[in-house]
Amino acid sequence: MGFPPLQQNRKKLHHTYAFIAKKLIHLNLQILYDCNFRCKICDFWKESGADLPRLSLPQVQIIADKLKQLRPQIICLGGGEPLLHKDIVDITRILAVNNYIMMISNGWFMTPEMVQALWEAGMHHILISLDYADPDRHDQMRGRKGAFNKAIHAIDTLRRLRMHSYQRVQIVATILDDNLEEIEPLIRLASELDISLIVSLYCKCRGVIKHKPIARDLSPLLLDLKKKYRNFVSMRGYLAKFSEAVQNENGIRPCYAGKNLFNINCNGDVTLCIDHLENPVGNILTDDIVEIEQKLKERFINNTCGDCWTSCRGQVETLMYGRPRIGNMLDYHRFSKPVALHKSKKENA
């Protein structure tokens, strides 16, 4: 699916305005909470996710219509595993008209047919989760034999079948207490696959395993890797705060959830973030979006949480408020810049 240039330019202009004005620009949208994996670093599949309702297409259309009043959002479709939703392609198509759609997936269901349908529907950016370069360790953490091989196959398929140069494929690796030595091999693996890699810090709010403290000084380690590998595209300002996030018991404050990013779950409830679903500010399916935005701002002002430094929060805050500003902007350009299409794809275009 290709959007008319005028529509694309208008979307970029409106999103740029929202960024400059420091408005809401990023939405995590949980279209379901079910998952085919049993990851040790995630609670969602344990919380009766299969029994929760999944967003229907009419509900997604309501959300899309209301979001138009907030200007274009970067919408990250999540779960659970979003590809378990039977309407994932149509959901993408509806939301992509006025927003930029990305998705985090474990890669298990990324068939060529699904990949082509997602790219055609307007998917902008797909991240595949990989936490270990060692297949057995990744499979063990994910609770599913063959998870690593499926992820690699998904990455290759996604890269080959991209339709537009702005469509991106990346690995996202979660930093844990036992995989620091795996990050450099993962970066090299991403390079071999001709894609880039970002990292996210494990969030204690959603895990089911007891982690030991991460003893090493994370930021210098990660920044050294960034200097060494061009395809390691996490922003330097984001990486520079990993040590503080790990060592400071109060985490990173202030958190700008509610001001620049927010969350909607599969019931339509609106919260500051994915980790604190209690006490929503409203429901986007039934409430006025202007009132919801105002309540998000009020909740942001009184928010004292700094528990996470995940990429969904950290990358947005770093881009909007972090230092060094020029360096972060250059890093974001590398993260999001158009990438040449696969040769066979160009030949068939």
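Computed from a predicted model, the values in this text were never measured in an experiment.

## Overview of the overall build of the protein
Helix and strand content of the protein: 14 helices and nine strands. In terms of C-alpha radius of gyration, the protein reaches 19 Å, essentially the compact-globule figure of 20 Å for 349 residues. Each principal axis of the C-alpha distribution contributes one length, and for the protein these read about 55 × 50 × 45 Å. Within the protein, residue pairs in contact and separated by at least 24 positions form 75% of the contacts whose partners lie at least 6 positions apart. As displayed, the protein offers around 15,500 Å² of accessible surface, 53% of which is attributable to carbon and sulfur atoms. Here the protein contributes 48 positively and 38 negatively charged side chains, and the mean placements of these two sets differ by 6 Å.

## Let's talk about the pattern of salt bridges
By the definition in use, this model includes 16 salt bridges. Between K86 and D87 there is a salt bridge whose closest N-O contact spans 3.1 Å. Classification of D87 by relative accessible area gives buried; the value is 14%. Two residues, D194 and R159, come together in a salt bridge whose shortest N-O distance is 3.9 Å. Here D194 is found in the loop between α7 (180–192) and β6 (196–201), whereas its partner R159 is found in helix α6 (residues 147–160), with 35 residues between them in sequence. You can call D194 exposed: its relative accessible area is 53%.

## Considerations on the pairing of strand β7 (residues 261–264)
The alternating pattern of β7 places L261 and N263 on one face and F262 and I264 on the opposite face, and all of these are buried. In this structure, β7 lies alongside strand β8 (residues 269–271), joined through two bridges in antiparallel fashion. Following the sheet pairing, N263 is matched in β8 by T271. Between the antiparallel neighbours β7 and β8 lie four residues, among them G268 with a positive phi of about 90°.

## Things to note about the packing of aromatic side chains
Applying the stated criterion to the full structure yields six aromatic pairs. A ring pair is formed by Y238 and W309, whose centres lie 5.4 Å apart and whose planes are at 40°; its orientation type is tilted. Here W309 lies in the loop between α11 (289–301) and α12 (311–321) and Y238 lies in helix α9 (residues 236–239), a separation of 71 residues in the sequence. Accessibility assignment for this pair places Y238 and W309 in one class, buried. On the basis of an interplanar angle of 15° and a centroid distance of 4.0 Å, the ring pair of Y256 and Y321 is categorised as stacked. Of this pair, Y256 sits in the loop between α10 (242–247) and β7 while Y321 sits in helix α12, placing them 65 residues apart in sequence. Under the relative-accessibility criterion, Y256 is labelled buried at 18%.

## Describing the packing of α12 against helix α13 (residues 325–336)
α13 packs onto α12 with a crossing angle of 130° between their chain directions and a minimal axis gap of 8 Å. The angle between the axes of α12 and α13 places the two elements in the oblique class. Crossing hand, α12 versus α13: left-handed. Each of Q315, T318, L319, M320 and Y321 in α12 lies in contact with α13, whose residues at this interface are R325, N328, M329, Y332 and F335. Grouping the amino acids of the contact of α12 with α13 by side-chain chemistry returns six nonpolar, three polar and one charged.

## Some details on unusual backbone geometry
Cis geometry is adopted by the peptide bond preceding G80, which originates at G79 and carries an omega value of 10°. Mapped onto the secondary structure, G80 falls in the loop between β2 (74–78) and α3 (88–96). With an omega of -5°, the peptide bond running from R253 to P254 counts as cis. In this fold, P254 is placed in the loop between α10 and β7. For K22, which is not a glycine, the phi torsion comes out positive at approximately 55°. Tracing the chain through its elements places K22 in the loop between α1 (5–20) and β1 (26–30).

## Thoughts on empty space enclosed by the protein
Summed over all chains, the structure comprises two cavities of 30 Å³ or more. As for the largest cavity, its lining consists of 14 residues, of which L261, C273, C308, C312 and R313 are closest to the centre. Among the elements of the structure, β7 and α12 are those that each provide at least two residues to the lining of the largest cavity. For the lining of the largest cavity, the class distribution of residues is nine nonpolar, two polar and three charged.

## Some points on the nonpolar core
Formed by 84 residues in total, the largest nonpolar core has its most connected members in L29, L77 and F242. What L29 contacts, discounting residues up to four positions off in sequence, is L55, I63, I75, C76, L77, G78, L95 and I264. Formed by 11 residues, the second largest nonpolar core is a distinct cluster that contains C35, I41, C42 and W108.

## Description of the environment of V270
Position of V270 relative to the elements: it lies in strand β8. Separated by 129 residues in sequence, V270 and M141 have C-alpha atoms that sit 30 Å apart. Not counting the four nearest positions on each side in its chain, V270 is found in contact with F262, N263, I264, P280, V281, G282, I284, I292 and L296.

The rules behind the values
- Position numbers for residues start from 1 in each chain and track the written sequence from start to end.
- Where local features are concerned, this predicted model is filtered to residues with pLDDT of at least 70; where side-chain atom pairs are given and counted, the filter is 80 or more; whole-chain, interface and lining totals use all residues.
- Calculation of side-chain values draws on the structure's entire complement of heavy atoms; hydrogens and water are dropped beforehand.
- Strands here are runs of E lasting at least two residues and helices are runs of H or I lasting at least four, both read from the DSSP assignment and numbered beginning at the N terminus.
- Computation of the radius of gyration draws on C-alpha atoms, with the globule rule given as 2.2 Å multiplied by the number of residues to the power 0.38.
- In this description, contact between two residues means that some pair of their heavy atoms is separated by no more than 4.5 Å.
- In these tables, accessible area is a Shrake-Rupley quantity obtained with a 1.4 Å probe, and a residue counts as shielded only by the protein chains included in the view.
- His is not counted, nor are the chain ends, whereas Lys and Arg count as positive and Asp and Glu as negative.
- Note on charges: their place is set at NZ of Lys, CZ of Arg, CG of Asp or CD of Glu.
- When a carboxyl oxygen of Asp or Glu lies within 4 Å of a side-chain nitrogen of Lys or Arg, that pair is called a salt bridge.
- Only protein chains enter the calculation, and the probe is 1.4 Å; a residue is then buried if its accessible area is under 20% of its type maximum, exposed if over 50%, and partly exposed in between.
- Strand pairing is assigned whenever DSSP detects at least two bridges linking the two strands.
- Between the rings of Phe, Tyr and Trp (Trp by its six-membered ring), a pair exists once the centres lie within 6.5 Å; its type follows the angle of the planes, with under 30 degrees stacked, over 60 edge-to-face, and the other angles tilted.
- Throughout, an axis means a line fitted to C-alpha atoms (over the contacting stretch in the case of helices), and angles, computed between N-to-C directions, take values from 0 to 180 degrees.
- By the definition adopted for this analysis, an angle is roughly parallel if under 35 degrees, roughly antiparallel if over 145, roughly perpendicular if from 65 to 115, and oblique otherwise.
- Crossing handedness: left-handed means the near helix sits turned counterclockwise from the far one by under a right angle, and right-handed means the same turn made clockwise.
- The nonpolar class holds Ala, Val, Leu, Ile, Met, Phe, Trp, Tyr, Cys and Pro. Asp, Glu, Lys and Arg form the charged class, and all remaining residues, Gly among them, are polar.
- Method remark: on a 1 Å grid restricted to protein atoms, a set of points is classed as a cavity if a 1.4 Å probe fits but cannot get out and as a pocket if it is open with protein on both sides within 12 Å along at least five of seven lines; lining residues have an atom within 4 Å of a point.
- Grid points are joined across faces, edges and corners, and a volume is the space filled by probe spheres set on the points.
- For our purposes a nonpolar core is just a set of buried Ala, Val, Leu, Ile, Met, Phe, Trp, Tyr and Cys residues, chained together by side-chain atoms within 4.5 Å.

Any link to function would need more than the numbers given here.
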